[in-house]
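Each chain is listed here by its residues.
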Amino acid sequence: MTKIENEVQYEWAVQRVEELLPLVDDNTPETDKNYIELVLLSNLVADYSDEHYAIGEPSLVDMLKLRMYEMGLTQVGLSKLLGINPSRISEYLSGKKEPTLSQARIIVERLNIDPATVLGVHYGT
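Conventions adopted
Residues numbered from 1 in each chain as written. Predicted model: local features only at pLDDT ≥ 70, side-chain atom pairs only at ≥ 80, totals over all residues. Heavy atoms only, no water. Helix = DSSP H or I, 4+ residues; strand = E, 2+ residues; numbered from the N terminus. Contact = heavy atoms within 4.5 Å. Expected span 1.5 Å × (residues − 1). Buried < 20%, exposed > 50% of the residue type's maximum accessible area, 1.4 Å probe, protein only. Arc of directions from axis to C-beta. Core = buried A, V, L, I, M, F, W, Y, C linked by side-chain atoms within 4.5 Å. pLDDT = per-residue confidence, 0-100. Phe/Tyr/Trp six-rings, centres within 6.5 Å; stacked < 30°, edge-to-face > 60°.

**Re the side chain of S49**
Within the secondary structure, S49 is located in helix α2 (residues 33-52). Once you skip the residues sitting within four places of it in the chain, S49 turns out to touch Y10 and A54.

**Observations regarding helix α1 (residues 7-20)**
Taking 1.5 Å as the rise per residue, α1 with 14 residues should run 20 Å; its terminal C-alpha atoms sit 20 Å apart, in good agreement. Those residues of α1 lying buried are Y10, A13, V17 and L20. For α1, the angular spread of buried residues about the axis comes to 90 degrees, placing them on one side. Facing away from the buried side of α1 by over 90 degrees, the exposed positions are V8 and E18. Buried residues along α1 sit against α2.

**Some points on the nonpolar core**
By size, the foremost hydrophobic cluster in this structure holds 15 residues, and its most contacted members are L64, L78, L82, I89, I107, L111 and I113. Per-element tally for this core: the top contributor is helix α3 (residues 60-71), with 4 residues. Ranked by size, the runner-up nonpolar core spans 11 residues in total, among them Y10, V24, V45 and Y48.

**Describing the confidence of the model for the protein chain**
Across the protein chain, the average pLDDT comes to 90, with 95% of residues at or above 70. Within the protein chain, the element-level pLDDT minimum falls on helix α7 (residues 115-119), averaging 87, and the maximum on helix α4 (residues 75-82), averaging 95.

**Some words on the packing of aromatic side chains**
Counted according to the given criterion, the structure contains 3 aromatic pairs. With a centroid separation of 5.5 Å and an interplanar angle of 45 degrees, the aromatic rings of Y10 and Y53 are classed as tilted. Pair noted here: Y10 is in helix α1 and Y53 is in the loop between α2 and α3, with a separation of 43 residues, a long-range link. On the basis of relative accessible area, Y10 is assigned to the buried category, the value being 12%. Judged by its relative accessible area of 41%, Y53 falls in the partly exposed class. For the ring pair Y48 and Y53, a centre distance of 6.3 Å and an interplane angle of 65 degrees mean the geometry is edge-to-face. Looking at Y48, the relative accessible area reads 6%, which means it is buried. Through successive ring pairs, a cluster of aromatic residues spans Y10, Y48 and Y53.

Spelled out as structure tokens, the structure:
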């Protein structure tokens, strides 16, 4: 098998990986048949998962809402923390506006959000 082609194969492979996990640990030699099977199936499962169940990159709106929840902040509290006008925060949360570069820098520093997310830049796929 070089690729998982469908959901039935995927479910089987996930179940088999779960069966193999207790049989392999850090001391298992790389030549062990269980180790080899686990590595191969894990890679196939990961490839299928990436292709069919990828979540995608979070948006700035998603990350702001997450940080507000994590920090117990309201829009006004977030505004005070960032030193950005509450109406501007509302525009960010509704997706109507994007932060300026200086505001993006503050968001990155104070909320620990990836700069690519704040600036809407994503690399790869």
